[in-house]
Amino acid sequence: MYSILLVEDEILELETLKNYVDWKKLGIDKVYTARSSRSALACIAEHEPDIMITDIQMPGMTGIELAKTVREEGYPCKIIFLTGYDKFEYAKAAVQIHAEDYLLKPFQIDEVEELIRQVTEKIRKERETECAVESLTGKAVEDLCMGRVREVPAALQGYFRKNPRGVGLCAVYGLEENAEQRLLASPEVVHGFTAENLFITLVSSQVLIRQFITKVLESTEDDIRGIYVERPVGLPELTTCTADILRYRDVLFFGERRKFWELREAAQWNVPSGTVFKTSRKEIVEAIVNGEKEQSAELLKTYLREYQCAGKEGCIRGAYGLFIYLKEHLNEETSSEPSIREKLMKVKDPELLECGTYDEMEESFLEYVLSCAEIFQDETYDYYISWVKQYVNRNYASDCSVEEMAEELGISPNYLRKKFKDGTGATILEYVTNVRMETAEKLLRQHRLKVKEVSLRVGYENVSYFTQLFAKRNGVTPNEYKNMVR
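Residues numbered from 1 in each chain as written. Predicted model: local features only at pLDDT ≥ 70, side-chain atom pairs only at ≥ 80, totals over all residues. Heavy atoms only, no water.

Asker: Please explain the pattern of salt bridges as it appears in this structure.
Answerer: Charged atoms that come close allow side chains of opposite charge to pair. Per the counting criterion, the structure on display carries 25 salt bridges. Put simply, Asp223 and Arg225 hold a salt bridge, and the shortest N to O gap is 2.9 Å. For Arg225, a relative accessible area of 0% puts it in the buried group. Between Arg247 and Asp244 there is a salt bridge, with its nearest N and O atoms 2.3 Å apart. Residue Arg247 and its partner Asp244 are both found in helix α9 (residues 238-247); the two are separated by three residues, about one turn of the helix. When its relative accessible area of 24% is taken as the criterion, Asp244 is described as partly exposed. When salt bridges with common partners are traced through the structure, they connect Asp223, Arg225, Arg257, Asp359 and Glu363 into a single cluster. (Salt bridge = Lys/Arg side-chain N within 4 Å of Asp/Glu carboxyl O. Buried < 20%, exposed > 50% of the residue type's maximum accessible area, 1.4 Å probe, protein only. Helix = DSSP H or I, 4+ residues; strand = E, 2+ residues; numbered from the N terminus.)

Dropping the structure here:
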């Protein structure tokens, strides 16, 4: 579809043009009007119409002066003059200003429509040609940058004739597709294309590359990063400079948020060196199972930092290997606790393979680890309480040492005491005593066992101590209890 501006100071003729020509049939969906050259210039600046029909004889600035101003300011609209005089001077002026034609008043509607039809057809063909040339030239630029051609194509020499010193080269990482399209529409952008998830942008040498980067950063709040060449890059250098940017692209994965590195700076940036891995996967599992969120987070961060020395791909592989390990071993830890396992299955897996930056990978993994640790933190009381209760119910006749229980659980005795006390309001010793007393009551109700035998069966070799505990709990001695329940 096309747009047109009608400029005529006579209201009757302006209304006739606007209302009697079948613009929609001609493919014109927007019709603007102006009654003076000054208002016409304002309309052109705002809407940039494809066609302008203007009267020549107007007060103030004439139609010819208006057309000259339009051309001087670089607007490419097709111009048609409207005049009541068939004079050679007007025809000559129309040719000089590169106008399409001129119409004599009084005009016929079909005459206007036929001329507009010719002009829109011309615009259509020009657009097709421009698109074809731009497409071919863009392909040539990409081939040159990516090293798919050895010599600068002849077509590019003309394409870059306005930039004989070269162009600015910048690779942007993390741009959304709509942001890429907005940048391509920028007047300072010569060409742009996507290669290996980088938006390779060629910027006019008339524009300082740092100004372009500032514009890119201001265009979005996303976590974008980039590498650029500050000096103008000649056409023969595009291949090597693009290859260098791709070679040092790991800086975009590990580096600082929303930062652009000059190519030489990116080349000097190194990931942490060394291959000493001090953080074990088992430590992370233990911290998660113990519900220690802060410890889990710190261990994970340290583990991932140690893998930075392997580069982007190695770091991602290391992170994914840790995730598989955690998933497997956390399931093993919850084999006797189906409620915890069920909750763990609902935790969203970290998006390690899809993450574009180290920060995103770390954040996604942290979210997973903290969610798991929180589940254990919420359920850990039930888990340890359940385990201790099961252990005591099986071993109440023995020592029931807190140290032994803690060793089996892989935690410290004080930590176990605190967990049990916080979860039940009673100490482990109090719980052991309670289990022993309840068991003793059951045995005494059977009448067959003596008090000494009952004392030994529930873990008390000292019958006097057993009797004292039993009387404190029930208000009667074991013998009295035995007689009472006959």
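Additional details are given in the paragraphs that follow.
Asker: Would you explain a nonpolar patch on the surface in this entry?
Answerer: A contiguous nonpolar patch, built from Tyr320, Ile324 and Leu353 and spanning about 290 Å² of accessible area, is present on the exposed surface. Inspection of the secondary structure assignment puts Ile324 in helix α14 (residues 311-333). (Patch = residues over 30% accessible without salt bridge, like charges linked within 9 Å, V, L, I, M, F, W, Y side chains within 5 Å. Areas by Shrake-Rupley, 256 points an atom, 1.4 Å probe, with all protein chains shown as cover.)

Asker: Honestly, the pairing of strand β4 (residues 78-83) in this entry has me stumped. Any pointers?
Answerer: Look at any regular strand and the pattern is simple: side chains alternate between the two faces of the sheet. Most of β4 is tucked away: six of the six residues are buried. Of the two faces of β4, both are covered, the one formed by Lys78, Ile80 and Leu82 as well as the one formed by Ile79, Phe81 and Thr83. Both strand β3 (residues 51-55) and β4 contribute to a ladder of five bridges, which runs parallel. If you follow Thr54 over to β4, its bridge partner there is Phe81. Direction of pairing for β4 relative to strand β5 (residues 101-104): parallel, over a ladder of four bridges. If you follow Phe81 over to β5, its bridge partner there is Tyr102. (Pairing = 2+ DSSP bridges.)

Asker: Just to check I follow, could you spell out the environment of Phe212 for this structure?
Answerer: Of note, Phe212 is situated in helix α8 (residues 209-219). Taking the C-alpha atoms as reference points, Phe212 and Gly168, 44 residues apart in sequence, are found 9.4 Å from one another. Excluding anything up to four places from it in sequence, Phe212 contacts Cys170, Leu183, Glu188, Val189, Thr201 and Val203. (Contact = heavy atoms within 4.5 Å.)

Asker: Looking at this structure, how should I read the side chain of Glu113?
Answerer: Mapping Glu113 onto the fold places it in helix α5 (residues 109-145). Under the relative-accessibility criterion, Glu113 is labelled buried at 11%. Among the polar contacts made by the side chain of Glu113, one reaches the main-chain amide nitrogen of Asp22 at a distance of 3.0 Å. Beyond its immediate sequence surroundings of up to four residues, Glu113 is in contact with Tyr20, Val21, Asp22, Lys25 and Leu26. (Polar contact = N/O pair within 3.5 Å; in protein donor to acceptor, adjacent residues only side chain to side chain.)

Asker: Teacher, can you tell me more about a negative patch on the surface here?
Answerer: Together, Glu283, Glu286, Glu328, Glu332 and Glu333 line one region of the surface with negative charge. At three residues, the largest contribution of residues to the negative patch is made by α14. (Lys, Arg positive; Asp, Glu negative; His and termini not counted. Charge placed at Lys NZ, Arg CZ, Asp CG, Glu CD.)

Asker: Looking at this structure, I do not really get the packing of aromatic side chains. What am I missing?
Answerer: Two measures describe an aromatic ring pair: the distance that separates the ring centres and the angle between the ring planes. Scanning all chains against the criterion turns up 13 aromatic pairs. Centroid distance Phe253 to Tyr358: 6.4 Å. Interplanar angle 80°. Geometry classified as edge-to-face. With Phe253 in helix α10 (residues 250-254) and Tyr358 in helix α16 (residues 358-395), this pair connects stretches of sequence that are 105 residues apart. Note on Tyr358: relative accessible area 5%, which makes it buried. With a centroid separation of 5.2 Å and 40° between ring planes, the pair formed by Tyr303 and Tyr307 is classed as tilted. Given the relative accessible area of 4%, Tyr303 is considered buried. An aromatic cluster of three or more residues is present, and its members are Tyr460, Tyr465, Phe466, Phe470 and Tyr481. A cation over an aromatic ring shows up here: Arg247 above the ring of Tyr248, its NZ or CZ 5.9 Å from the ring centre. (Phe/Tyr/Trp six-rings, centres within 6.5 Å; stacked < 30°, edge-to-face > 60°. Lys NZ or Arg CZ within 6 Å of the ring centre and 35° of its normal.)

Asker: For this particular structure, what's the right way to read the environment of Gly291?
Answerer: Inspection of the secondary structure puts Gly291 in the loop between α12 (281-289) and α13 (293-306). Residue classification places Gly291 among the buried positions, given a relative accessible area of 6%. For the pair Gly291 and Glu374, spaced 83 residues apart in sequence, the C-alpha separation works out to 6.0 Å.

Asker: Got a minute to help me understand the packing of α12 against α14 in this structure?
Answerer: For any two helices packed against each other, the geometry is given by the interaxial angle and the distance between the axes. Viewed as axis vectors pointing N to C, α12 and α14 meet at an angle of 50°, and their least axial separation amounts to 10 Å. Taken together, α12 and α14 sit at an angle that is classed as oblique. Where α12 crosses over α14, the handedness of that crossing is right-handed. Within the contact between the two elements, α12 uses Arg281, Lys282, Ile284, Val285, Ile288 and Val289 and α14 uses Gly321, Leu322, Tyr325, Leu326, His329, Leu330 and Glu333. Among the residues making up the contact of α12 with α14, the classes are represented as eight nonpolar, two polar and three charged. (Axes fitted to C-alpha atoms, helices over the stretch in contact; angles between N-to-C directions. Parallel < 35°, antiparallel > 145°, perpendicular 65-115°, else oblique. Left-handed = near helix turned anticlockwise from the far one by under 90°. Nonpolar A, V, L, I, M, F, W, Y, C, P; charged D, E, K, R; others polar.)

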